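# Fold and geometry: a report
Listed here are the chains, written in short residue letters.
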Amino acid sequence: MTATPREAQFWNDRYSGTDLVWSSAPNRWVVEVCASLLPGQALDIAAGEGRHAIWLADRGWHVTATDFASAAVARLRQQARQRLGSEAEGRIQAAVADATAPAPGGPYDLTLLCYLQLPLDRWQIVLQRAVEATKAGGRILVVLHARENLMCGFGGPQDADLLHDPAAIQRSAVGLPVAVQRSELVSRAVDTDEGPRQALDSLVVLRRT
Ligand SMILES: C[S@@+](CC[C@H](N)C(=O)[O-])C[C@H]1O[C@@H](n2cnc3c(N)ncnc32)[C@H](O)[C@@H]1O
C-alpha cells in the first residue's frame, strides 16, 4: 500500500518554490525528547526539508533522512550544505523513499515520525516499518497533529481521517515489540496571522523491546 505518484507530486509541488515551506527550527517536542540522548544513529522518516535531521546532525548524530518527495530531499541536502559545517553535513544521508517501504540501513537508536499525517491503515504500516528499523532499546518518537485540533486547536490537515490522537497511536502499536514510554496530548504556542494560537499535538515515545 505505497503512495501514489500523485501524492508525491502534491508534495513536490509544495516544495517547488524558493522559500522554506516549514520552519527551519526543530519542533519543541523533538528537542524536549532528544536533547538529552547520547548521539548515535538516527532515522528521520518523511523528513521534509530536514529541520530535525539537521538539528540532530549538528549534535553529533549520524542521520538517515527519507522522504518520498524528491524536491524535499533536494531541499534537505541544500539546507544541510548551507547550515552545517562539512563534518556535520557528512553525517546526513538523504534518500527518496516511501515511508511504507522497509527503511534503508539501520538498525537505528532513534527513529522520528514527525507530522506524517496518513490514514490509519497506512499509518500502521509506517509505524511497523519504524519499529523494524529501530534497534532493541532504541526509541521511536511520534509527533502528529492531533484530531482535537479540528475542535479547539490550530494547524494541520483539516481531515479527521489524517489526524490521530495519542490513544489511536498507542493502539497502532499493539502487537509490535515496543513499550510505551510517553503518550500525551500536548499544546504548542504558534504565532498566526490572527494572533497567538495553540496547536495540539499527539506526542508518543516508544521504546523498542
Ligand atoms: C508536514 S511534512 C513534515 C516534514 C518533517 N517531518 C517536519 O516535521 O518538518 C510531511 C512530509 O511527509 C512526506 N510524506 C508524505 N507521505 C509520505 C510517504 N508515504 N512516504 C514518505 N514521505 C511522505 C511529505 O513529502 C512531507 O515532506
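Read on for a plain summary of the structure. Predicted, not measured: the structure shown is a model, and the values here were computed from it.

Rules and cut-offs
- Residues numbered from 1 in each chain as written.
- Predicted model: local features only at pLDDT ≥ 70, side-chain atom pairs only at ≥ 80, totals over all residues.
- Heavy atoms only, no water.
- Near = heavy atom within 4 Å.
- Polar contact = N/O pair within 3.5 Å; in protein donor to acceptor, adjacent residues only side chain to side chain.
- Areas by Shrake-Rupley, 256 points an atom, 1.4 Å probe, with all protein chains shown as cover.
- Nonpolar A, V, L, I, M, F, W, Y, C, P; charged D, E, K, R; others polar.
- Salt bridge = Lys/Arg side-chain N within 4 Å of Asp/Glu carboxyl O.
- Helix = DSSP H or I, 4+ residues; strand = E, 2+ residues; numbered from the N terminus.
- Buried < 20%, exposed > 50% of the residue type's maximum accessible area, 1.4 Å probe, protein only.
- Contact = heavy atoms within 4.5 Å.

### Looking at the site of the ligand
Residues in close proximity to the ligand total 18 residues, the closest being Tyr15, Ala46, Arg51, Asp67 and Cys114. A distance of 2.7 Å separates a nitrogen atom of the ligand from a polar atom in the backbone of Ala46. Arg51 is positioned such that a nitrogen or oxygen atom in its side chain is 2.7 Å from an oxygen atom of the ligand. Coverage of the ligand by the protein amounts to 96% of the 600 Å² it exposes when considered alone. In terms of residue class, the shell around the ligand is made up of 13 nonpolar, 2 polar and 3 charged.

### What about the pattern of salt bridges?
When the charged atoms of two side chains with opposite charge come close together, those side chains can pair. Here the structure, examined in full by the defined rule, presents 8 salt bridges. Between Lys135 and Asp109 there is a salt bridge, and its shortest N-O distance comes to 3.1 Å. Of this pair, Lys135 sits in strand β5 (residues 134-145) while Asp109 sits in strand β4 (residues 108-114), and the two are 26 residues apart along the sequence. Of the residues examined, Lys135 reaches a relative accessible area of 31% and is grouped as partly exposed. A residue is classified by how much of its surface remains accessible, and Asp109, at 25% relative accessible area, is partly exposed.

### Observations concerning the side chain of Gln117
For Gln117, the position within the fold is in the loop between β4 and α6 (120-132). Gln117 gets classed as buried once you look at its relative accessible area, which sits at 12%. Those residues in contact with Gln117 that sit more than four places away from it in its chain are Leu144, His145, Pro157, Leu162 and Leu163.

### Considering the side chain of Thr111
Its place among the elements puts Thr111 in strand β4. Separated by 2.8 Å, the side chains of Thr111 and Thr134 make a polar contact.

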